[in-house]
Amino acid sequence: MNMETLSEALGCMDLKYVDEALNYSCTRTKKRRIALKLLAGAACLVLAVYAGARAFAPQAVPEPTPDANLPVLELDTAWLTDGQGAFVLRMRDFSEYSFGSPWSADTGLAALPVFANPVEYAPVEQNRAALSWDEAAMRERLLGLAASLGMDAGEDDIVCSLDTDGALWSLSLSGGDVSIEVLRDLSARVEFETPLELPVEFSLSSPRESYEAAGEYFAEHYAALFGIENPRWAVAGGDYNYDGETQNYSLRVYAAGENTAESLVNYCFGGVALIPGEDGELRSLRLGSAPESLGNYPLISLEEATELVLNGHELPDTLSTLRAEDIAGVTLVYHVGMYDEYYAPYYRFAFVEREPFYTETLPEGFTGYTFYYIPAISPEYTSLANWDGSVN
């Protein structure tokens, strides 16, 4: 699985976080089952989980309508001009691909919340240094997760990690078979020395059926440990590696909401991503953050977004104009970049790629597809820095 595909699967998590997560390791022993002490205490820990983990889960809300007196947001959309159309998915047909999101094209949403990044960063001229973060909230989440998983560790056992600028990067605890790390954006990861039991092999090369079986099993047996009520699971992906044989998938378990908007927020921010192991075991989980909502912002319709993406001028990366007949699929997602001041929704379009520069290396019988993003917030509530209205 390549870095961009995994980033998409993790709710558009910034690639720096993904890369650091993929290279994070700890000493492991090969055992077949989760430590007995975790399973034995699971039933007694549910209340503790809700007090800890659910404190950071997105709260249930009715179908959102636009709030009054919303501030205009300056969205830094520089990433729209330097990444779109440059990444090609390889498939025989787009029907092999799944976005995973609970949103669908026939879902009419009038509004969605926009969230504030829990971390403040300096501008690019100052090397994007981290300026402020909520260490108290980091500690609260870390200790809540530790209690929910039955770890014999407390405040005095917390280990602080700094980034290259000397700013706080994460807080972590280790005890028994479990290690927990909470990053400064309040996302978390949990590593099990003894793998969690699954009914199937779970690796990067596992077929979609194995991912589905793993998601169903995790939702039934483990979701409550992480404060996920009424769990749902979603398999995303389906594009092929360069060999034209192995497909790339990702798996996320999240809480079904009372409506599509709530489910979408839970999917993007409140779920658990299962990270497959090289040996077919499940030892690593990634938990979403719980950013603060700035209010419910009105959305443009899918029809309006389609008109924008089809009138995005000539595209330098594809050397061609996007055509309606080449739209293969669309979804609604939150862009969650490390340096984003706000986490806002975008329409993500998948187009058939026609440019030979990108398609000449495709395996025989395969088609290339590329993604393009359009801001979903009504334009009167946004000031789009570095964006002139074009797509690329």
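### With respect to the overall build of the protein chain
The helix and strand tally for the protein chain stands at 10 helices and 18 strands. Taking all 392 residues of the protein chain together, 56% fall into the buried category. Of all intrachain contacts in the protein chain linking residues separated by at least 6 positions in sequence, the fraction that spans at least 24 positions is 69%. A total accessible area of about 17,100 Å² is found for the protein chain, and carbon and sulfur atoms account for 49% of it.

### Details of the packing of aromatic side chains
Here the distance between the centres and the angle between the planes together describe a pair of aromatic rings. Enumeration according to the criterion identifies 23 aromatic pairs in this entry. An angle of 55° between the planes, with centres 5.1 Å apart, marks the rings of Phe-94 and Tyr-369 as tilted. You can see Phe-94 sitting in the loop between strand S2 (89-91) and strand S3 (111-116) and its partner Tyr-369 sitting in strand S17 (residues 367-375), a full 275 residues away along the chain. You can call Tyr-369 buried: its relative accessible area is 4%. Ring centres of Tyr-121 and Tyr-339 lie 4.9 Å apart, and the angle between their planes is 85°; on these two criteria the pair is classed as edge-to-face. A residue pair is termed long-range when its members are at least 10 positions apart, and Tyr-121 in strand S4 (residues 120-121) and Tyr-339 in the loop between strand S15 (327-335) and strand S16 (342-352) qualify at 218 residues. With relative accessibility at 11%, the residue Tyr-121 sits in the buried group. An aromatic cluster is defined as three or more aromatic residues linked by ring pairs; in this entry it consists of Phe-94, Tyr-97, Phe-99, Tyr-369 and Phe-371. One residue, Arg-252, lies across the ring of Tyr-267, its end atom 5.6 Å from the ring centre. Its end group placed over the ring of Phe-371, Arg-348 keeps NZ or CZ at 5.1 Å from the ring centre.

### Considering unusual backbone geometry
What is expected of a backbone is that most residues other than glycine have negative phi and most peptide bonds are trans. Look at Asn-69: it is not a glycine, yet its phi comes out positive at around 55°. With respect to the secondary-structure elements, Asn-69 resides in the loop between helix H4 (42-52) and strand S1 (73-76). Unusually for a residue other than glycine, Asn-127 sits at a positive phi of about 65°. Residue position: Asn-127 is located in the loop between S4 and strand S5 (130-132).

### Points about the confidence of the model for the protein chain
Across the protein chain, pLDDT averages 82, with 77% of residues at or above 70. Least confident of the elements in the protein chain is helix H3 (residues 36-40), whose mean pLDDT is 32; most confident is helix H7 (residues 208-221), at 98. The low-confidence segment residues 1-61, where pLDDT is below 50, has 133 contacts with residues more than four positions distant or belonging to other chains. Confidence drops under a pLDDT of 50 for residues 313-319, and excluding neighbours within four residues, the segment shows 21 contacts in the predicted structure.

### Some thoughts on the sheet that holds strand S7 (residues 168-175)
The strand order across the open sheet built from eight strands is S6-S7-S8-S9-S13-S12-S11-S10, with neighbouring strands paired in antiparallel fashion. Looking at strand neighbours, the two that pair on one side only are strand S6 (159-162) and strand S10 (231-240), the edges of this open sheet. With direction set aside, neighbouring strand axes in the sheet form an average angle of 25°. In the sheet, strand S8 (residues 178-183) pairs with strand S9 (residues 188-196) via five bridges, with the strands oriented antiparallel.

### Concerning the environment of Gly-238
The residue Gly-238 is located in strand S10 in this model. Taking the C-alpha atoms as reference, Gly-238 lies 9.0 Å from Ser-95; in sequence the two are 143 residues apart. Sequence-distant contacts of Gly-238, that is, excluding residues within four places in its chain, are made with Met-91, Glu-96, Tyr-97, Gln-247, Asn-248 and Tyr-249.

### Concerning helix H8 (residues 260-270)
Among the 11 residues in H8, nine count as buried, and that is most of the element. In this fold, the buried residues of H8 make contact with S3, S10, strand S11 (247-255), S15 and S16. The N-cap of H8, judged by a side-chain oxygen 3.2 Å from the amide nitrogen of Ala-261 a few residues on, is Asn-259.

### A look at the pattern of salt bridges
Evaluated as defined, the whole model comprises 10 salt bridges. In this structure, the salt-bridge partner of Glu-181 is Arg-189, at a minimum N-O distance of 2.5 Å. Taken as a pair, Glu-181 and Arg-189 share a single burial class, namely buried. In this structure, the salt-bridge partner of Arg-208 is Glu-212, at a minimum N-O distance of 3.1 Å. Note that Arg-208 and Glu-212 are positioned in helix H7 at a spacing of four residues, about one turn of the helix. Each member of the salt-bridge network shares a partner with another, and the members are Arg-323, Glu-325, Asp-326 and Arg-354.

### Here's the deal with the environment of Asp-152
Residue placement: Asp-152 occurs in the loop between helix H6 (135-148) and S6. On the basis of relative accessible area, Asp-152 is assigned to the exposed category, the value being 77%.

### Quick look at the environment of Leu-186
For Leu-186, the position within the fold is in the loop between S8 and S9. Linking Leu-186 and Glu-140, residues 46 residues apart in sequence, is a C-alpha distance of 9.9 Å.

### Thoughts on the pairing of S6
One ladder, built from four bridges, connects S6 with S7; its direction is antiparallel. Residue pairing in the sheet places Val-159 in a bridge with Ser-172 of S7. Hairpin connection from S6 to S7: five residues lie between these consecutive antiparallel strands, with Gly-166 at a positive phi of about 85°.

### So, the nonpolar core
Core analysis: the biggest nonpolar cluster contains 41 residues, and Ile-180, Val-190, Phe-218, Phe-226, Leu-274 and Leu-285 have the highest contact counts within it. Counting residues per element, the ones that place at least two in this core are H6, S7, S8, S9, H7, S11, strand S12 (272-276) and strand S13 (282-287). Look past the residues within four positions of Leu-274 in its chain and what remains in contact with it is Phe-202, Ala-214, Phe-218, Leu-251, Val-253, Leu-282, Ser-284 and Leu-285. By size, the runner-up hydrophobic cluster in this structure holds 30 residues, among which are Ala-236, Leu-264, Tyr-347 and Ile-374.

Cut-offs used in this document
Every chain begins its residue count from 1, and numbering advances along the sequence as written. Totals for whole chains, interfaces and linings use all residues, but because this is a predicted model, local features are given only for residues with pLDDT of at least 70 and pairs of side-chain atoms are given and counted only at 80 or more. Processing note: side-chain calculations cover all non-hydrogen atoms of the structure and skip hydrogens and water entirely. Numbering of helices and strands runs from the N terminus; a helix is a DSSP stretch of H or I covering at least four residues, while a strand is a stretch of E covering at least two. Partly exposed describes any residue whose relative accessible area lies between the buried limit of under 20% and the exposed limit of over 50%, with all areas from a 1.4 Å probe on protein chains only and scaled to the type maximum. Contacts are assigned to residue pairs with any non-hydrogen atoms lying within 4.5 Å of each other. Areas reported here follow the Shrake-Rupley algorithm with a probe of radius 1.4 Å; residue values treat only the protein chains shown as occluding. Only centres within 6.5 Å qualify two rings of Phe, Tyr or Trp (six-membered ring in Trp) as a pair; their planes then separate them into stacked at under 30 degrees, edge-to-face at over 60, and tilted for everything else. Either the NZ atom of lysine or the CZ atom of arginine qualifies as a charge over a ring when it sits within 6 Å of the ring centre and within 35 degrees of the ring normal. The pLDDT value tells you how sure the predictor is about a given residue, anywhere from 0 up to 100. Pairing between strands is defined by DSSP: at least two bridges between them are needed. Angles here are taken between N-to-C directions and fall from 0 to 180 degrees, while the axes themselves are lines fitted to C-alpha atoms, restricted in helices to the stretch in contact. Identification of polar contacts relies on pairs of N or O atoms within 3.5 Å, with a donor-acceptor requirement for protein atoms, meaning one able to donate a hydrogen and the other able to accept it, and with residues adjacent in sequence counted only if both atoms are side-chain atoms. Definition used for salt bridges: Asp or Glu carboxyl oxygen within 4 Å of a side-chain nitrogen of Lys or Arg. Buried Ala, Val, Leu, Ile, Met, Phe, Trp, Tyr and Cys residues form a nonpolar core when they are joined through side-chain atoms within 4.5 Å.

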